[in-house]
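Given next are the chains, with one letter for each unit.
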Amino acid sequence: DVVLTQSPATLSVTPGERISLSCRASESVDTYLHWYQQKPNESPRLLIKYASQSISGIPSRFSGSGSGTDFTLSINGVELEDLSIYYCQQGNSLPFTFGSGTKLEIK
Amino acid sequence: EVQLVESGGGLVQPGRSLKLSCLASGFTFSNYGMNWIRQAPGKGLEWVASISSSSSYIYYADTVKGRFTISRDNAKNTLYLQMTSLRSEDTALYYCARPNYGSYDVMDAWGQGASVTVSS
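All of these numbers come straight from a predicted model, not from anything done at the bench. Within every chain, residues take consecutive numbers counted from 1 along the sequence as written. Ligands are numbered from 1 and chains lettered from A, in the order in which they are written. Only residues with pLDDT of 70 or above have their local features reported here, since the model is predicted, and side-chain atom pairs are shown and tallied only from 80 upward, although totals for entire chains, interfaces and linings are computed over all residues. Hydrogens and water molecules were not included; the side-chain quantities draw on all heavy atoms of the structure.

Interfaces are often sized by the amount of accessible area the parts lose when they come together. Pairs of residues are marked as contacts when any of their non-hydrogen atoms sit within 4.5 Å. Taken residue by residue, the interface counts 18 residues in chain A and 21 residues in chain B. As used here, buried area is the combined drop in accessible area, with a 1.4 Å probe, of two parts when they are placed together. Taken over both partners, the interface formed by chain A and chain B buries close to 1600 Å², and the fraction arising from carbon and sulfur atoms is 62%. The rule for a salt bridge is simple: a side-chain nitrogen of Lys or Arg has to be within 4 Å of a carboxyl oxygen of Asp or Glu. Where chain A meets chain B, there are 0 salt bridges. We define a polar contact as two N or O atoms separated by no more than 3.5 Å, with the added condition that, inside protein, one atom must be a possible hydrogen donor and the other a possible acceptor, whereas residues neighbouring each other in sequence contribute only through side-chain atom pairs. If you look at where chain A meets chain B, you find 9 residue pairs in polar contact (both at pLDDT 80 or more). Each helix is a run of H or I in the DSSP string that is no shorter than four residues. Each strand is a run of E no shorter than two, and both are numbered from the N terminus. Those elements that provide at least two residues to the side of chain A that touches chain B are β4 (33-38), β5 (45-49) and β9 (85-90) of chain A. With 3 residues, β4 of chain A is the largest single contributor of residues to the side of chain A that touches chain B. Residues are grouped as follows: Ala, Val, Leu, Ile, Met, Phe, Trp, Tyr, Cys and Pro are nonpolar; Asp, Glu, Lys and Arg are charged; every other residue, Gly included, is polar. Per-class residue counts for the side of chain A that touches chain B are 10 nonpolar, 6 polar and 2 charged.

This brings us to the sheet that holds strand β7 (residues 68-73) of chain B. Residues and elements named next belong to chain B. Pairs of strands are assigned from DSSP output, requiring at least two bridges between the strands. Pairing is antiparallel across the open sheet formed by 4 strands, whose spatial order is β1-β3-β8-β7. In the strand order of this sheet, the two ends are held by β1 (3-7) and β7, each with one partner. The mean angle between the axes of side-by-side strands here comes to 15 degrees, regardless of whether they run parallel or antiparallel. The sheet contact formed by β7 and strand β8 (residues 78-83) spans 6 bridges and is antiparallel. Its bridge partner lying in β8, Arg72 is registered against Leu79. Interaxial angle, 0 to 180 degrees, is taken between N-to-C directions of lines fitted to C-alpha atoms, where a helix line uses only the stretch in contact.

Glancing now at the environment of Ile58 of chain B. All names here are of chain B. When you line up the elements, Ile58 lands in strand β6 (residues 58-60). In sequence terms Ile58 and Lys19 are 39 residues apart; their C-alpha atoms lie 17 Å from each other. Ignoring any residue separated from it by four or fewer positions in sequence, one finds Ile58 in contact with Ser50, Ile51 and Ile70.

A separate point is the environment of Leu79 of chain B. Residues and elements named next belong to chain B. Residue placement: Leu79 occurs in strand β8. Only protein chains enter the accessibility calculation, which uses a 1.4 Å probe; a residue is then buried when its area is under 20% of its type maximum, exposed when over 50%, and partly exposed in between. Judged by its relative accessible area of 0%, Leu79 is buried. Remark: the alpha-carbon pair of Leu79 and Glu6, spanning 73 residues in sequence, is separated by 8.9 Å. Among residues more than four places away in sequence, those in contact with Leu79 are Leu20, Ser21, Cys22, Phe29, Met34, Asn35, Trp36, Ile51, Ile70, Ser71, Arg72 and Cys96.

The subject of this paragraph is the state of the cysteines. By definition, disulfides here are pairs of cysteine sulfur atoms that lie within 2.5 Å. Tallied over the entire structure, the rule returns 2 disulfides over all chains. The disulfide bridge from Cys23 of chain A ends at Cys88 of chain A, spanning 2.1 Å between sulfur atoms. Between Cys23 of chain A and Cys88 of chain A, the disulfide has an S-S torsion of 80 degrees and is therefore right-handed. Here Cys88 of chain A lies in strand β9 and Cys23 of chain A lies in strand β3 (residues 18-25), a separation of 65 residues in the sequence. Given the relative accessible area of 0%, Cys23 of chain A is considered buried. On the basis of relative accessibility, which here comes to 0%, the residue Cys88 of chain A falls in the buried class. What pairs with Cys22 of chain B in a disulfide is Cys96 of chain B, and their sulfur atoms sit 2.0 Å apart. With the S-S bond torsion at 45 degrees, the cross-link from Cys22 of chain B to Cys96 of chain B turns out right-handed. One end of the pair, Cys22 of chain B, is in strand β3 (residues 18-25); the other, Cys96 of chain B, is in strand β9 (residues 92-99), and 74 residues separate them in sequence. By relative accessible area, Cys96 of chain B is classed as buried at 0%.

This part covers the pattern of salt bridges. Residue and element names in this part refer to chain A. According to the stated counting rule, one finds 9 salt bridges over all chains in the structure shown. With a closest N to O distance of 2.5 Å, Asp70 and Arg24 form a salt bridge. Remark: Arg24 occurs in strand β3 and Asp70 occurs in strand β8 (residues 70-76); sequence separation between them is 46 residues. Classification of Asp70 by relative accessible area gives partly exposed; the value is 36%. Between Glu79 and Arg61 there is a salt bridge, with the nearest N and O atoms lying 3.5 Å from each other. Of this pair, Glu79 sits in the loop between β8 and β9 while Arg61 sits in the loop between β6 (53-54) and β7 (62-67), placing them 18 residues apart in sequence. Each of Arg61, Glu79, Glu81 and Asp82 takes part in salt bridges that share partners, so that together they form one network.

Take a look at the structure:
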């Protein structure tokens with residue numbers, strides 16, 4: 001199974017800051033890497049698909065990059081509403097696997 | 001508007017069975033594969049099972065293989081998860097999730113989840 005390692009586990013940020021979250025795969029997943037946001041007590045929401053493709057309705061401050069084993073989710077100008085847990089997920093091979101998440105805290 | 005509404009969750013004793021349902025609306029259900037994904041309390045997301053649009057292809061996580069059965073009724077726009085021989089480690093919120101059209105691995109719609117608690 002592909003193991004996805006997300007770092008950091010927790011990130012404390014100041015509103016307006018630009019941040020980067022990391023997701024590293026144990027083997028290449030090409031660009032079959034997707035990002036989700038889960039706010040407290042809500043279902044996950046798709047943010048970015050295939051490493052860097054934007055999703056309709058998602059604010060433009062969210063962007064993704066990477067291929068192979070190293071991926072990054074960037075938020076350009078964090079807002080209070082971005083307080084969430086962010087998960088990466090690989091779809092290159094079954095079983096689909098998720099990272100353990102990065103929790104975004106607002107300072 | 002795409003909607004996925006899970007039902008059938010509850011408290012069940014270890015070793016017993018439970019069947020979850022997911023009623024889909026707002027899209028042509030029969031054109032999409034579907035998935036079950038679960039989240040244990042305070043934990044991350046775990047893919048459980050997938051089924052293709054016509055039920056021709058079915059896949060399971062090793063943790064549930066042989067105990068859980070995914071199925072669907074396209075006439076009723078409903079996805080199911082039959083869970084047997086339940087264990088305490090199956091305690092979780094179970095989401096049904098629809099993949100992006102044309103893909104099978106990008107989950108672009110999620111239900112609100114059905115809570116399953118396995119305890120004596």
